[in-house]
Amino acid sequence: MRILHTSDWHIGKRLAGKERLEEQRAVLDEIAEICARERVELVLVAGDVFDTFLPSAEAEDLFYRAVRRITAEERCLLAISGNHDDPVRLSAATALSEELGIYIYGSVERSPKPFAGKYVRAVEAGPAHIIFENNAGERAFVHVLPYPNEARLKEDKNPDEGFLDKMRRWIAAGERENQAGLPSVFLSHIFVAGGLVSEGEREIDLGGARAVPLDLLPACDYVALGHLHKKQSFRGGLIRYSGSIMQYAFDEAGTQKSVVLFDLDRAGVHNLREVPLQSGKKLVRLEADSVENAADLLRRWEGAYIELTLHLREPLSSMQVRALKEANVGLVNLIPEIRGELTGSAVAGKRTRSAGELFAEFYRAQFAEEPAEELKQLFLSAAEEAYEA
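In this text, all values refer to a predicted model and were calculated from it rather than measured experimentally.

Draft legend 1. Spotlight on the overall build of the protein chain. Along the backbone of the protein chain there are 11 helices and 16 strands. Sequence-distant contacts in the protein chain: of pairs separated by 6 or more residues, those separated by 24 or more amount to 65%. Surface exposure of the protein chain reaches about 17,800 Å², of which carbon and sulfur atoms provide 52%.

Draft legend 2. Quick peek at unusual backbone geometry. A positive phi is found at Arg39, a non-glycine position, where the angle reads about 55 degrees. Positionally, Arg39 belongs in the loop between helix 1 (21–38) and strand 2 (42–45). With a phi angle near 135 degrees, His227 is a residue other than glycine that sits in the positive phi range. The topology assignment puts His227 in the loop between strand 9 (222–226) and strand 10 (232–234). Judged by relative accessible area, His227 falls into the buried class, the value being 3%.

Draft legend 3. Structural view of the pairing of strand 5 (residues 120–126). Where strand 5 and strand 6 (residues 129–134) come together, six bridges link them in antiparallel fashion. Across the sheet, the residue bridging to Ala125 is Ile130, located in strand 6. Connecting strand 5 to the next strand, strand 6, in antiparallel fashion are two residues.

Draft legend 4. Main features of the packing of helix 1 against helix 2 (residues 57–71). The N-to-C vectors of helix 1 and helix 2 enclose an angle of 10 degrees; their axes lie 9 Å apart at closest approach. Of the possible angle classes, the one that applies to helix 1 and helix 2 is roughly parallel. Handedness of the crossing formed by helix 1 with helix 2: right-handed. Each of Leu21, Gln24, Arg25, Leu28, Asp29, Ile31, Ala32 and Cys35 in helix 1 lies in contact with helix 2, whose residues at this interface are Glu58, Ala59, Leu62, Ala66, Arg69 and Ile70. Tallied by class, the residues present in the contact of helix 1 with helix 2 amount to nine nonpolar, one polar and four charged.

Draft legend 5. Broad picture of the sheet that holds strand 16 (residues 331–338). Strands sit in the order 14-15-16 across an open sheet of three strands; the sheet is parallel. Where the open sheet ends on each side, the last strands, each with one partner, are strand 14 (283–288) and strand 16. The sheet shows a mean angle of 15 degrees between the axes of neighbouring strands, direction not considered. Sheet topology note: the strand 14/strand 15 (residues 305–312) ladder contains six bridges and is parallel. Bridge pairing links Arg285 to Glu307 in strand 15. Packed onto the sheet, helix 8 (residues 318–327) meets strand 15 and strand 16 and runs at close to 140 degrees relative to strand 16.

Draft legend 6. Up close: the packing of aromatic side chains. For the structure shown, the criterion picks out six aromatic pairs. Taken together, a centroid distance of 5.4 Å and an interplanar angle of 50 degrees make the contact between Phe63 and Tyr64 tilted. Exposure remark for Tyr64: the relative accessible area of 38% places this residue in the partly exposed category. Connected via pairs of aromatic rings, a cluster forms that spans Trp9, Phe50, Phe63 and Tyr64. For Lys13, the ring lying beneath its charged end belongs to Tyr248, and the centroid distance is 5.9 Å.

Draft legend 7. Layout of the environment of Thr52. Looking at the element boundaries, Thr52 is found in the loop between strand 2 and helix 2. By relative accessible area, which is 37% here, Thr52 ends up partly exposed. Through-space distance from the C-alpha of Thr52 to that of Ile11 is 8.6 Å; in sequence the pair is 41 residues apart.

Draft legend 8. The arrangement of the pattern of salt bridges in detail. The final tally for this structure, using the stated rule, is 23 salt bridges. The partner of Arg20 in a salt bridge is Glu23, with the nearest N and O atoms 3.0 Å apart. The burial state of Arg20 is the same as that of Glu23; both residues are buried. Salt bridges sharing common partners tie together Arg2, Glu38, Asp263 and Arg273.

Draft legend 9. Geometry of the packing of helix 7 (residues 291–299) against helix 8. It is the contact of helix 7 with helix 8, at a shortest axis distance of 8 Å, that shows an interaxial angle of 20 degrees. Considering the angle they form, helix 7 stands roughly parallel to helix 8. Crossing angle aside, the handedness with which helix 7 passes helix 8 is right-handed. Two secondary-structure elements touch here, helix 7 through Val291, Ala294, Ala295, Leu298 and Arg299 and helix 8 through Gln320, Leu324 and Ala327. Looking at the contact of helix 7 with helix 8 residue by residue, the classes come out as six nonpolar, one polar and one charged.

Draft legend 10. The arrangement of the sheet that holds strand 3 (residues 76–80) in detail. Spatially, six strands are ordered 4-3-2-1-12-13 in an open sheet, and the strand pairing comes out mixed. Bordering the open sheet on either side are strand 4 (102–105) and strand 13 (268–276), each of which pairs with just one other strand. Pairwise comparison of adjacent strand axes, ignoring direction, gives a mean angle of 20 degrees for this sheet. As paired strands, strand 1 (residues 2–6) and strand 12 (residues 258–265) are joined by four bridges and run antiparallel to one another. Bridging across to strand 12, His5 finds its partner in Val260.

Rules used throughout
- Residues numbered from 1 in each chain as written.
- Predicted model: local features only at pLDDT ≥ 70, side-chain atom pairs only at ≥ 80, totals over all residues.
- Heavy atoms only, no water.
- Helix = DSSP H or I, 4+ residues; strand = E, 2+ residues; numbered from the N terminus.
- Contact = heavy atoms within 4.5 Å.
- Areas by Shrake-Rupley, 256 points an atom, 1.4 Å probe, with all protein chains shown as cover.
- Buried < 20%, exposed > 50% of the residue type's maximum accessible area, 1.4 Å probe, protein only.
- Pairing = 2+ DSSP bridges.
- Axes fitted to C-alpha atoms, helices over the stretch in contact; angles between N-to-C directions.
- Parallel < 35°, antiparallel > 145°, perpendicular 65-115°, else oblique.
- Left-handed = near helix turned anticlockwise from the far one by under 90°.
- Nonpolar A, V, L, I, M, F, W, Y, C, P; charged D, E, K, R; others polar.
- Phe/Tyr/Trp six-rings, centres within 6.5 Å; stacked < 30°, edge-to-face > 60°.
- Lys NZ or Arg CZ within 6 Å of the ring centre and 35° of its normal.
- Salt bridge = Lys/Arg side-chain N within 4 Å of Asp/Glu carboxyl O.

Here's what the structure looks like:
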């Protein structure tokens, strides 16, 4: 069975207030074209379909139209909720979408209903797994674990069961469902210890201090992960973050976005490869030592979004700022660094520091000592719960 792995669509996400829906539409159209060209049978979306719990009507319309184009009449699509998704809202239309081969795991209270009639179809489903079969009789077992949000973490009030204990229990329960020993994929939206984080992902967004060690992941043929925007892999490439479909933060400038394609059968994974995505504006980081040089540089990058760091001896005037923005409408971040002053670098440093680091800095300023790790985790958990509310 040929499978495509993608994640972190973040439909509706803006950049410095700039709308990017048309870029996202182009990328999702490109994924649909890849599916048709490569004869993909099953598409896995590893969470963060939307950028907010309450996406706009335009964002939801784009999602529904995109998944319909991607599945067409030939393939199934399976999506799970991420930390940016409202799991209930995301799965609200499943009573209709499942008839089209579109399955969504958001709330753990509900299991999808399999529907026949397509070349590829779901033949069995439960709260943590779903089995797909094609006309050749090939089957794939997908073990699903949506983002473990605060609501689910509090479902069991056993005070002796920590985060990793819950994860171990949930993963074990899902693995027990593969009694036939089918070729399998683990689909989840989690933060694996050692993963590389983008500037666009706050520590709160990543689930605070909760990191899942590699040895806790199930022994599936392939692990399809979402959550981290930088594509990366572990253990020979069989454990992968496909990465976001577009560049959403400036530290991703120059990186090639892609989806992951592979074949799965009784012998395991074959023909594993990345397929590059070409759509969407590029993000560029530039530096200059004068307004004149900066304006010349900006004009060379028409059609891109730009972060410009200016090394200056005196502050910019409003007229100079306006001239730079007129040189390229894609200039979204302007960082003046005045020689002899710490203002520019200090602001830039705070912007890129994690929530945990900022909390530790505040605590040290108030109490002249380092905060306990338990206190830091409590702060991050509370901040995440407030963010999800």
